[in-house]
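Coordinate analysis (summary)
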Amino acid sequence: MRVLHDIHGGIHPPERKGLSQPGKLASLGLPPRLVIPLRQHLGAPAVPVVAPGDTVLGGQLLAEANGVMSVPVHAPTSGTVRAIESRPIAHASGLEDICIEIETDGLDQWVALTGTPQWQECEPAALAERVRDAGIAGMGGAGFPTAVKLTPGPKRPIELLLINGTECEPYITADDTLMQCFADQLIEGAAILAHILGAGAILIGIEDNKPEAIARVQAAVTKAGASIEVASFPTKYPSGGEKQVIEILTGQQVPSGGIPADIGIVCLNPGTAVAVREAIVDGKPLTHRIVTLTGEALSQPCNTLACLGTPIGYLLQSTGWTSEAQQRVIHGGPMMGFAVSNLAAPITKITNCLLAPTEAELPLPEEPRPCIRCGHCAEACPASLLPQQLYWYARAKDQEQLAEHRLFDCIECGACAYVCPSQIPLVQYYRAAKGQIRDSEQERARSDNSRARFEAREKRVAEEAAAREEKRAARKAAAQQQADNGGVDPVQAAIARAKAKKAQQDAQQ
Amino acid sequence: MVQWLTNEPLLAALAALLLLGSGFGALLGYAAIRFKVEGNPISEQINALLPQTQCGQCGYPGCRPYSEAIAEGDAINKCPPGGEETIQALADLLDVEPQPLDAEHGVEKEPVVAWIREAECIGCTKCIQACPVDAILGAAKVMHTVIADECTGCDLCLEPCPVDCIDLIPRKQGIGYWHWPLPADRFRPIEVIATDAAARTAA
């Protein structure tokens, strides 16, 4: 039995996970059109390799990775590329981004897939490359390119692979369902990941509000005879944060500004592990994911295995959505998600939940009132920060103090805003402050670069002017010398020539 | 010598002071030469805060001359590309009151980059000569183009262009540049304290 550690703070919001019946997968059919964004992950958007009018098969490459921090995008089913243009996407900004639209043909024909069931014989580097070619980015919500996580470099030896099946946010049951339905695949995926990382131990952490998932995963481990530890721990939000789950299960803290690999741990979502297994063993790229469709505005909340690029509106209408006045649809969970402004926006690799609450269920936030410095936020903060201080400094845009108070250790879990009696949207202040700081850093780097270029140019211009002046002086000196030596002064000679020519012209006229 | 010093304590004290004074004077004089600071360190720090667009909107031919002028006592609010943020940073550095941007030198605008409409470019190289950061690529009678990552958006290339084929387009467009805005301050202003509420209606 593993010794569990507690994290600072945390809250216990109503879980409401039963609503979407975890463990069952509903089939919602194939939408007539898929809208596939080129940026479904953290990093540079993929570059299209198809053109409008092309017919594509399922699993076919649509766009290739652009650099190391990028992953490719594949077609989830067969059809015809109709457009490559800006479309509304599920993003907090409500802005559009470049997407590939596919009209599906309903045949679901696939390219020939070549898997490697004997992955144990493959080089880890080659397998990591295949994970990247399969377009896999972290499926827990951040969308970090998995291949980057799988190549931490020789300076960071990995001892422990941690599969984070916590899923602590209310309503969401996508990972719970995945662990119940694909437990065997999860175990094999974890083994492949450990092989790639050279990790000696595998640990699967699941919160104790998911007893069926724990039992299924435990049974799968026993069946496979794998040396994988399954640990369960008490339910608390936000135990599922990467740094939080590591502290709970190992007692170690990830250094501020560091990554888990710095302490020899790599933490991955179970969905990512299953996707890696499909990519390696079956050769199938990441084209589908499990999405929780929940909220009381849906008459049949469920989990479904949906094609990436399925419009949010299609999924909601397939689950008996009744649109109320002022109805919000939230992408992600109620704590960390954001409201979607356009239902034509598609789901992506990071969409774990779509929440359509009624107004009574999740009331709109009230007007914020002034901070009374009650300190509840500091008690709830899982990163042991001082949220009220960060709030004041974010308002004052005091970047120095924000750094001093470790703003970048904030995981934006929303626990502080949840407990705030004044209903201040604290997390939005932190997100804005982080954005401003990143902006200023970029601008500073830019201006440093401009300064270097400006100074280099000034130096060059001065050198060129000096060189010209020197040449002129040398010529003058040479002419003077020639004149002094009793020869013809070239300057006087030139003047004489010009005069003679002019006289000749005058004579001709 | 010792005898004389003990006999003439006043002169001895004067001599000691003289000795000490000349000794420390020599030391300070040496230190001033040995540890001489090249240039004006304050102007270096000011220059580090300026946005380096080299646009000349401040009335000086570049950011360094302006930073030297500020070090000499010029106003800190003449830099439109830097805007409020730069004024605040300069005010913090120099410990002076921040002032609003001087409208005479321009207004704060979204960051831009120059963009050459390539079909119209005649290859005259005039913009290349005007660019303070060598961000335009091209040669005589060959089409020119702007290296967007290096362009500061100073607009110095616009005026020399004989065919007017250079546009300034916003630099930060699209989802990659978006970040959450600060929430609007929606607090109701507190006009009176609770115990004073009756006083207001009475008045």
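Residues numbered from 1 in each chain as written. Chains lettered and ligands numbered in written order. Predicted model: local features only at pLDDT ≥ 70, side-chain atom pairs only at ≥ 80, totals over all residues.

**Some words on the overall build of chain A**
Each helix and strand in chain A was counted, giving 14 helices and 17 strands. What you see for chain A is a C-alpha radius of gyration of 31 Å, clearly larger than the 23 Å of a compact globule of 509 residues, by over 25%. In chain A, buried positions account for 47% of the 509 residues. Counting only contacts in chain A whose residues sit at least 6 apart along the sequence, the fraction spanning at least 24 positions is 73%. (Helix = DSSP H or I, 4+ residues; strand = E, 2+ residues; numbered from the N terminus. Rg over C-alpha atoms; globule rule 2.2 N^0.38 Å. Buried ≥ 20, exposed ≤ 12 C-beta atoms within 10 Å, placed from the backbone. Contact = placed C-beta atoms within 7 Å.)

**As for the overall build of chain B**
Helices and strands together make up the secondary structure of chain B, namely 7 helices and 4 strands. In chain B, the succession of helices and strands from N to C terminus is α-α-α-α-α-β-α-β-β-β-α. Once the C-alpha set of chain B is aligned to its principal axes, its extents read approximately 100 × 80 × 30 Å. Sequence separation of at least 24 residues holds for 58% of the intrachain contacts in chain B that already meet a minimum separation of 6.

**Overview of the domain arrangement of chain B**
All names here are of chain B. Annotation of chain B at the domain level lists domain 1 (2–34), domain 2 (41–105) and domain 3 (110–173). Summarising the inter-unit geometry, the C-alpha centres of domain 2 and domain 3 are found 25 Å apart. Residue-level contacts link 5 residues of domain 2 with 7 residues of domain 3. Its residues assigned to classes, the side of domain 2 that touches domain 3 comprises 1 nonpolar, 4 polar and no charged. (Domains from an automatic or database assignment. Nonpolar A, V, L, I, M, F, W, Y, C, P; charged D, E, K, R; others polar.)

**Section: the interface of chain B and chain A**
In many reports, interface size means the accessible area that the parts give up when they come together. Contacts between the two partners involve 18 residues from chain B, matched on the other side by 22 residues from chain A. Along the lines of polarity and charge, the residues of the side of chain B that touches chain A split into 10 nonpolar, 5 polar and 3 charged.

**Here's the deal with unusual backbone geometry**
Residue and element names in this part refer to chain A. Of note, the amide linkage connecting Y237 to P238 takes the cis form, showing an omega dihedral of 0°. For R373, which is not glycine, the phi dihedral falls at a positive 55°. Turning to its location among the elements, R373 is positioned in the loop between β17 (353–355) and α9 (376–380). By C-beta crowding, R373 is classed as exposed, having 12 other C-beta atoms within 10 Å. For K397, which is not glycine, the phi torsion reads 55° and is therefore positive. As for its placement among the helices and strands, K397 is situated in the loop between α10 (387–396) and α11 (399–404). A residue is classified by how many C-beta atoms lie within 10 Å of it, and K397, with 17 of them, is partly exposed.

**Description of the sheet that holds strand β16 (residues 338–339) of chain A**
All names here are of chain A. Strand order in the open sheet made by the 6 strands is β1-β14-β13-β17-β15-β16, with mixed pairing throughout. Both outer strands of the open sheet, β1 (25–26) and β16, are each paired with one neighbouring strand and no more. Alignment of strand β15 (residues 330–331) against β17, held across 2 bridges, turns out to be antiparallel. Looking at β17, one finds that H331 is bridged to L354. On the sheet, helix α3 (residues 174–181) packs against β1, β13 (288–294), β14 (302–307) and β17 and is oriented at approximately 125° with respect to β13. (Pairing = 2+ DSSP bridges. Axes fitted to C-alpha atoms, helices over the stretch in contact; angles between N-to-C directions.)

**Notes on helix α4 (residues 63–71) of chain B**
Think of an α-helix as turning once every 3.6 residues; residues three or four places apart then point the same way. Residue and element names in this part refer to chain B. Among all positions in α4, only C63, R64, Y66, S67 and I70 are buried. Along α4, the residues classed as buried sweep out an arc of 160° about the axis, all on the same side. Against the buried residues of α4 lie α3 (41–49). At the C-terminal side of α4, G73 shows a positive phi close to 115°. (Arc of directions from axis to C-beta.)

**A closer look at the confidence of the model for chain B**
Across chain B, the average pLDDT comes to 87, with 91% of residues at or above 70. Our summary of model confidence lists the complex with pTM equal to 0.85 and ipTM equal to 0.79. (pLDDT = per-residue confidence, 0-100.)

**A closer look at the packing of helix α1 (residues 124–133) of chain A against helix α4 (residues 183–197) of chain A**
In a packed pair of helices, the relevant descriptors are the angle between the two axes and the axis-to-axis distance. Residues and elements named next belong to chain A. Put simply, α1 and α4 touch, their axes get as near as 8 Å, and they point 125° apart. Looking at the two axes, α1 sits oblique to α4. Considering the relative orientation of α1 and α4, their crossing is left-handed. Residues P124, L127 and A128 of α1 lie in contact with α4, whose contacting residues are I192, H195 and I196. Residues belonging to the contact of α1 with α4 are distributed by class as follows: 5 nonpolar, 1 polar and no charged. (Parallel < 35°, antiparallel > 145°, perpendicular 65-115°, else oblique. Left-handed = near helix turned anticlockwise from the far one by under 90°.)

**Some remarks on the sheet that holds strand β12 (residues 265–268) of chain A**
Residue and element names in this part refer to chain A. Read from one edge to the other, the open sheet built from 4 strands follows the order β11-β10-β9-β12, with strand pairing classed as parallel. Each edge of the sheet is formed by a strand with only one pairing partner; in this case those strands are β11 (228–233) and β12. Put simply, the sheet's adjacent strands are angled 25° from each other on average, direction ignored. In this sheet, β12 lies alongside strand β9 (residues 160–165) in parallel orientation, the contact comprising 4 bridges. Within β12, the position partnered with L162 by the bridge is C267. Packing of helix α6 (residues 242–250) onto the sheet brings it into contact with β9, β10 (201–207), β11 and β12, and relative to β9 it is tilted by some 115°.

**As for the domain arrangement of chain A**
Residue and element names in this part refer to chain A. Here chain A is described as being made up of domain 1 (18–31 + 123–318) and domain 2 (365–509). Put simply, the middle of domain 1 and the middle of domain 2, counted by C-alpha atoms, are 43 Å apart. Residues belonging to the side of domain 1 that touches domain 2 are distributed by class as follows: 2 nonpolar, 4 polar and 1 charged.

**Some remarks on the environment of P260 of chain A**
Residues and elements named next belong to chain A. In this structure, P260 sits in the loop between α6 and β12. Residue classification places P260 among the buried positions, given that 24 C-beta atoms sit within 10 Å. For the pair P260 and K149, spaced 111 residues apart in the sequence, the C-alpha separation amounts to 9.8 Å. When sequence neighbours within four positions are dropped, the list of residues in contact with P260 reads E242, I246, V254, I265, V266 and C267.

**What about α4 of chain A?**
Residues and elements named next belong to chain A. Compared with an ideal rise of 1.5 Å per residue, which puts 15 residues at 21 Å, α4 spans 21 Å between its outermost C-alpha atoms and is within 8% of the ideal. Counting buried positions along α4 yields 13 of 15 residues, so the element is predominantly enclosed. Phi for G198, located one or two positions after α4, is positive at around 70°. (Expected span 1.5 Å × (residues − 1).)

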